[in-house]
Amino acid sequence: MIQVLLLFSIILIVCVLSSKLLYRFGVPTLMIFLCLGMLLGYDGIGGIYFDDSLLTQKISSIGLVFIMFYGGFGVNWQSAKP
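(A) Up close: the overall build of the protein chain. From N to C terminus, the protein chain includes four helices and zero strands. Overall, the protein chain shows an N-to-C arrangement of helices and strands of α-α-α-α. Whereas a compact globule of 82 residues would reach a radius of gyration of roughly 12 Å, the protein chain reaches 16 Å, over 25% beyond that. Counting over 82 residues, the protein chain shows a buried share of 9%. When the accessible surface of the protein chain is totalled, it reaches about 7,600 Å², and 75% of it is carbon and sulfur.

Now the structure itself:
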């Protein structure tokens, strides 16, 4: 369990640092996360095998909630009101 937590924390740190660094060069953040996911996936360098569809649905639903929550706070209400 400790190894899994350490792996996720390292991946998160790499994502944050790479997004801050590559944002200066105009690379979209979504592209960074997609490429990192392909590198760490089963066919990539990381070799992380994941086939639990129920857990995938729960994680993606939580991620969607965060995306919509952040999008709601980022809306300019004067332009969205009309």
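(B) Up close: the layout of surface pockets. In this structure, the largest pocket occupies an estimated 1,100 Å³ of space. Of all the elements in the fold, those that place two or more residues in the lining of the largest pocket are α1 (2–23), α2 (29–40) and α3 (53–73). With eight residues, the top contributor of residues to the lining of the largest pocket is α3. Of the residues that constitute the lining of the largest pocket, the class distribution is 16 nonpolar, five polar and no charged.

(C) View of α1. Under the 1.5 Å per step criterion, the end-to-end length of α1 is 31 Å for 22 residues, consistent within 8% with the ideal 32 Å. Looking at α1, one finds that the buried residues are Ile11, Cys15, Ser18 and Ser19. Burial along α1 is one-sided: seen end-on, the buried residues are contained in an arc of 100°. Of the exposed residues in α1, those oriented more than 90 degrees away from the buried face are Ile2, Leu5, Ile13, Leu17 and Lys20.

Cut-offs applied
Residues numbered from 1 in each chain as written. Predicted model: local features only at pLDDT ≥ 70, side-chain atom pairs only at ≥ 80, totals over all residues. Heavy atoms only, no water. Helix = DSSP H or I, 4+ residues; strand = E, 2+ residues; numbered from the N terminus. Rg over C-alpha atoms; globule rule 2.2 N^0.38 Å. Buried < 20%, exposed > 50% of the residue type's maximum accessible area, 1.4 Å probe, protein only. Areas by Shrake-Rupley, 256 points an atom, 1.4 Å probe, with all protein chains shown as cover. 1 Å grid on protein atoms, 1.4 Å probe; cavity = no way out; pocket = protein on both sides within 12 Å on 5 of 7 lines; lining within 4 Å. Points joined across faces, edges and corners; volume = space filled by probe spheres on them. Nonpolar A, V, L, I, M, F, W, Y, C, P; charged D, E, K, R; others polar. Expected span 1.5 Å × (residues − 1). Arc of directions from axis to C-beta.

Everything listed is a geometric property; what it means functionally is a separate question.
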